[in-house]
Amino acid sequence: MKKHEIRIKQWLKENRARGARLLQILVQENSTRGKESSTQAIIIERCRQLGLTLDIWELGGDELKGHPAYFCDRKSFDGNPNLVAVLKGTGGGKSVILNGHIDVVPVGDESSWRHDPFSGTIECGKLYGRGATDMKGGNVSLLMAIEALIANGIKLKGDVIFQSVIEEESGGAGTLAAVLRGYQADGAIIPEPTNMKIFPKQQGSMWFRITVRGRAAHGGTRYEGVSAIEKSVVVIQGLQQLEKDRNARITDPLFDKIPIPIPINIGKIASGEWPSSVPDTAIIEGRMGVSPEETIEAAQMEMENALREWNQQDEWFRENPLQIEWFGGRWLPGNLESDHPLMNALTSSFSEVQGVSPIIEASPWGTDGGILSTVGNTPVVVFGPGITETAHDANEHIDLEDMFAASEIIALTLLRWCGVNDVSENNK
């Protein structure tokens, strides 16, 4: 191990309490949609203390809102800025984007939580709270990696572009705004909660709304009507078969341990206004997974073709066709070669820190990686601390040991990827 790597390891060991405290402070701030500002202010101040070059701005403008990858229904971003903080390299090395989102999902039923969801309680080496694992813990790993370099006087050749963005949970407008602002790099790492696995491929996804028509009637003579709820059962069965057909085509071994690589999830059904009436409308809303090897448009077309087929096969649907609407959030898929140089830098750093080879799989959910790679032409790998199973759930938590290990792995990856300048090289 080189001297600067030893110094990084020692610095991170000595500053674990500071890292845990930073995460605790971040989790104690509610950064659900529209309330990101107070948490972002903490990140901004930390980056200012590190001497990074700051770019702070609020989202908006025709270029962003008119972009084909803008999938956002948010009315205003006022007071809730994006942040990009740059550690400038000396030149001659590869640049990297370290991208994390500061927004979190709502807490849900607070009675299901063991602790206050914004307490940041530390118990048995785990820190609890909304956003601890998705993905404030990953953000702290990035900041600790950067600070370890600065504190030890290690100069990189390539630029390190740290991004703390809003709106990831609702479609990625924050990262899209950063790309359109000109931030691109030779590679990118997103420390989403992967259980310390490495994801070179990310599933995309999008939301859909299907309207099912029926015919109203009195419940006492329901045979005179057509229940939209009963007809929606036909649609649900069709969606389940479409899901099976689409997943049967997935042969990539990175999906081998994922039971349903690209699910079609029905998340919401609304129908009926009165118990004694036959409902004449049912609305089905859900999420459609998109393979890393296909486009959003291709997946949309496949579902739309399926609906047209059902409209022809079903006598009622022929006269009262199903209607589909694509709305709300969309996450572009991402696809990076497993032997890409960024993957090699990350996997070798992982093995050095952990003493074992990493598990490499495909992501079971969407990230902002698709925007960085598809719109920003930046190769992306997703790797970070955090427990995937607790993200978006009650009692969300992160193992602090994983957060510290991820910090070291990312710091060593920066050395390998960006390169160390001649002055630092003399310290081997």
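Right above here is the structure, for reference.
Figured I'd write up the structure that's included with this text. Source: prediction; values computed, not measured.

Quick notes on the sheet that holds strand β5 (residues 126-128)
Moving on, step 1. Taken in spatial order, the three strands make up an open sheet running β4-β5-β18, and their pairing is antiparallel. At either margin of the open sheet sits one strand with a lone partner, and together these are β4 (122-123) and β18 (397-399).
Moving on, step 2. By the bridge criterion, two bridges tie β4 to β5 in an arrangement that is antiparallel. Paired with Ile122 across the bridge in β5 is Leu127.

Here we look at the sheet that holds strand β11 (residues 264-271)
Moving on, step 1. A sheet is described by the order of its strands in space; here four strands give the open sequence β11-β13-β9-β14, paired in antiparallel fashion. Of all the strands in the sheet, just β11 and β14 (323-331) have a single pairing partner and so form its edges. Adjacent strand axes in the sheet meet at a mean angle of 20° when their direction is disregarded.
Moving on, step 2. Bridge analysis of β11 against strand β13 (residues 281-290) gives seven bridges, and the strand direction is antiparallel. The residue of β13 that forms the bridge with Ile266 is Gly286.
Moving on, step 3. Across the face of the sheet, helix α7 (residues 228-248) comes into contact with β9 (204-213), β11 and β13 while running at roughly 10° to β13.
Moving on, step 4. Across the face of the sheet, helix α8 (residues 296-313) comes into contact with β9, β11, β13 and β14 while running at roughly 155° to β14.

Notes on the packing of aromatic side chains
Moving on, step 1. Going through the model one piece at a time under the given rule, you end up with six aromatic pairs.
Moving on, step 2. On the basis of an interplanar angle of 50° and a centroid distance of 5.9 Å, the ring pair of Trp207 and Phe327 is categorised as tilted. One end of the pair, Trp207, is in strand β9; the other, Phe327, is in strand β14, and 120 residues separate them in sequence.
Moving on, step 3. For Trp207, a relative accessible area of 31% corresponds to the partly exposed category.
Moving on, step 4. Phe327 gets classed as buried once you look at its relative accessible area, which sits at 18%.
Moving on, step 5. The rings of Trp207, Phe327 and Trp331 are connected pair by pair, giving a single aromatic cluster.
Moving on, step 6. One Lys or Arg, Lys94, reaches over the ring of Trp417 and ends 4.6 Å from the middle of that ring.
Moving on, step 7. The ring of Phe317 is capped by Lys231, whose NZ or CZ atom sits 5.0 Å from the centre of that ring.

Rules used throughout
Residues numbered from 1 in each chain as written. Predicted model: local features only at pLDDT ≥ 70, side-chain atom pairs only at ≥ 80, totals over all residues. Heavy atoms only, no water. Pairing = 2+ DSSP bridges. Helix = DSSP H or I, 4+ residues; strand = E, 2+ residues; numbered from the N terminus. Axes fitted to C-alpha atoms, helices over the stretch in contact; angles between N-to-C directions. Contact = heavy atoms within 4.5 Å. Phe/Tyr/Trp six-rings, centres within 6.5 Å; stacked < 30°, edge-to-face > 60°. Buried < 20%, exposed > 50% of the residue type's maximum accessible area, 1.4 Å probe, protein only. Lys NZ or Arg CZ within 6 Å of the ring centre and 35° of its normal.

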